[in-house]
Amino acid sequence: MEPNLPDVVLWSIPAFVLLTVIEMVSYRFHPDEDAAGYDTKDAATSVTMGLGSLGFDLLWKIPILAIYMGVYELTPLRVPVVWWTVLLMLLAQDFFYYWSHRGHHVIRILWACHVVHHSSRKFNLTTALRQPWTSATVWPFYLPLIACGVHPAALAFCQSANLVYQFWVHTERVGKLPRPFEYVLNTPSHHRVHHASQGSYLDRNYGGILIIWDRMFGSFAAETERPVYGLTKNISTHNPLRVATHEYAAIARDVRAAGSWSERAGRVFRGPGWQPAPRAGAEAVVPEAVRAGVPEPVPVRAEASAAVPAAAPAPAPEHTR
């Protein structure tokens, strides 16, 4: 029997609107010259991306739900939906969210989906709404939960709860919280680091609700210097279609220009800033990923992509802000 769980995103919409209005008003009456604040076109793009994602997610959910239900029917395991198992499912979903999020930073074809969320140079509550339209790359990371007997509806509830929690961490109006909260939870301070484009902050703090996964798996960075938001080279468009697809177009250009099948595979499946070792006597080519606004790899990414030989290191990230 399908569990009867509430639609937490739907119930949270009034709170989203109210908190966003409060944040906007706070900048008007208590401006912070150092904060990124709001820009009308940028905020409108973020809201449009969020509304568009709702429609596209409905399309993606049809085949994904079919796969999940197929796996669920095949497994003999069943996890009952009671209060204490829901807590365990939330914990497990957050763990797999960490790896999904990390994977979407270190594999370029996945980054092409997630880069949308990082494309704003602002950091406010509307940034949380800047969601991709191609989220069909997320579902494989949660198959272990379905195989363990978690009903797809229960997984959807946990994913929605995780998404709702992350709304409030997209703000500069909240400083650091007391140490116990900062140690365990994903907070605005931790998430500001995640959205920053500085080299020391790139590919850090992937956690959804909990930050303990980053502490456990070596991807944590504390907020020290003020973050600079956006990509290492930013896109200059508010066109939602281009925001949603610009990195896929960049991958296509790089694949078309590649000189071998191994390079073509690298342009798709290695890190966003990956480039092959230059051939002898050939001038190094700056990858389209760098030109199009994708961060260069840092040590965390090196775990998922082959390192460039020492004789031909990748160029340093180009920070445009």
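Residues numbered from 1 in each chain as written. Predicted model: local features only at pLDDT ≥ 70, side-chain atom pairs only at ≥ 80, totals over all residues. Heavy atoms only, no water.

A. Structural view of the overall build of the chain. Helix and strand content of the chain: 13 helices and zero strands. Mapped from its N terminus to its C terminus, the chain presents α and β elements in the order α-α-α-α-α-α-α-α-α-α-α-α-α. Relative to its 321 residues, the chain shows a buried fraction of 47%. In the chain, the share of contacts with a sequence separation of at least 24, taken over all contacts with a separation of at least 6, comes to 74%. As displayed, the chain offers around 15900 Å² of accessible surface, 68% of which is attributable to carbon and sulfur atoms. (Helix = DSSP H or I, 4+ residues; strand = E, 2+ residues; numbered from the N terminus. Buried < 20%, exposed > 50% of the residue type's maximum accessible area, 1.4 Å probe, protein only. Contact = heavy atoms within 4.5 Å. Areas by Shrake-Rupley, 256 points an atom, 1.4 Å probe, with all protein chains shown as cover.)

B. Structural view of the packing of aromatic side chains. Counted according to the given criterion, the structure contains twelve aromatic pairs. Ring geometry for Tyr98 against Trp99: centres 4.9 Å apart, planes inclined by 90°, an arrangement best described as edge-to-face. When its relative accessible area of 0% is taken as the criterion, Tyr98 is described as buried. For Trp99, a relative accessible area of 31% corresponds to the partly exposed category. Taken together, the ring pairs connect Phe95, Phe96, Tyr98, Trp99, Tyr206, Trp213 and Phe217 into an aromatic cluster. When the ring centre of Tyr72 is taken as reference, the NZ or CZ atom of Arg78 above it lies at 3.9 Å. One Lys or Arg, Arg173, reaches over the ring of Tyr27 and ends 4.2 Å from the middle of that ring. (Phe/Tyr/Trp six-rings, centres within 6.5 Å; stacked < 30°, edge-to-face > 60°. Lys NZ or Arg CZ within 6 Å of the ring centre and 35° of its normal.)

C. Broad picture of helix H6 (residues 152-167). Taking 1.5 Å of rise per residue, the 16 residues of H6 would be expected to cover 22 Å, and the 23 Å separating its terminal C-alpha atoms lies within 8% of that figure. Pro152, Ala154, Leu155, Phe157, Cys158, Ser160, Ala161, Asn162, Tyr165, Gln166 and Phe167 are the residues of H6 that are buried. The elements touched by buried residues of H6 are helix H1 (8-29), helix H2 (40-74), helix H3 (83-106), helix H5 (143-147) and helix H8 (188-194). (Expected span 1.5 Å × (residues − 1).)

D. Spatial organisation of a nonpolar patch on the surface. A surface patch of nonpolar side chains, amounting to about 760 Å² of accessible area, comprises Leu10, Trp11, Ile13, Val17, Val21, Val25 and Phe29. Position of Val25 among the secondary structure elements: in helix H1. Overall, the relative accessible area of 38% leaves Val25 in the partly exposed class. (Patch = residues over 30% accessible without salt bridge, like charges linked within 9 Å, V, L, I, M, F, W, Y side chains within 5 Å. Salt bridge = Lys/Arg side-chain N within 4 Å of Asp/Glu carboxyl O.)

E. Examining the pattern of salt bridges more closely. One pass over the structure, following the stated rule, counts six salt bridges. Note that Asp42 is salt-bridged to Arg130, the shortest N-O span being 3.1 Å. You can see Asp42 sitting in helix H2 and its partner Arg130 sitting in the loop between helix H4 (108-114) and H5, a full 88 residues away along the chain. Taking the shortest distance from any N to any O, the salt bridge between Asp254 and Arg108 comes out at 2.9 Å. One end of the pair, Asp254, is in helix H10 (residues 240-257); the other, Arg108, is in helix H4, with 146 residues separating them in the sequence. When its relative accessible area of 1% is taken as the criterion, Arg108 is described as buried.

F. Molecular detail of H2. In this model, H2 (35 residues) spans 50 Å end to end at C-alpha, consistent with the 51 Å of a helix rising 1.5 Å per residue. At Lys61, H2 shows its maximal bend, which comes to roughly 35°, and the proline Pro63 appears one to four places after that position. Those residues of H2 not exposed but buried are Asp42, Ala43, Thr45, Ser46, Met49, Gly50, Gly52, Ser53, Ile64, Tyr68 and Tyr72. Considering only its buried residues, H2 is in contact with H5, H6 and H10. Sitting at the head of H2, Asp39 places a side-chain oxygen 3.2 Å from the backbone nitrogen of Lys41. (Bend = angle between axes of the 7 residues up to and from the residue. Polar contact = N/O pair within 3.5 Å; in protein donor to acceptor, adjacent residues only side chain to side chain.)

G. Up close: unusual backbone geometry. For Asp203, which is not glycine, the phi dihedral falls at a positive 60°. With respect to the secondary-structure elements, Asp203 resides in the loop between H8 and helix H9 (212-217). Of the residues examined, Asp203 reaches a relative accessible area of 3% and is grouped as buried. The backbone of Asn205 sits at a positive phi, close to 60°, despite the residue not being glycine. Among the secondary structure elements, Asn205 is positioned in the loop between H8 and H9.

H. Local environment of the environment of Asp7. Position of Asp7 among the secondary structure elements: in the segment before H1. For Asp7 and Ala161, which are 154 residues apart along the polypeptide, the C-alpha to C-alpha distance reads 8.9 Å. In terms of polar contacts, Asp7 uses its side chain to reach the backbone amide nitrogen of Leu10, at 3.2 Å.

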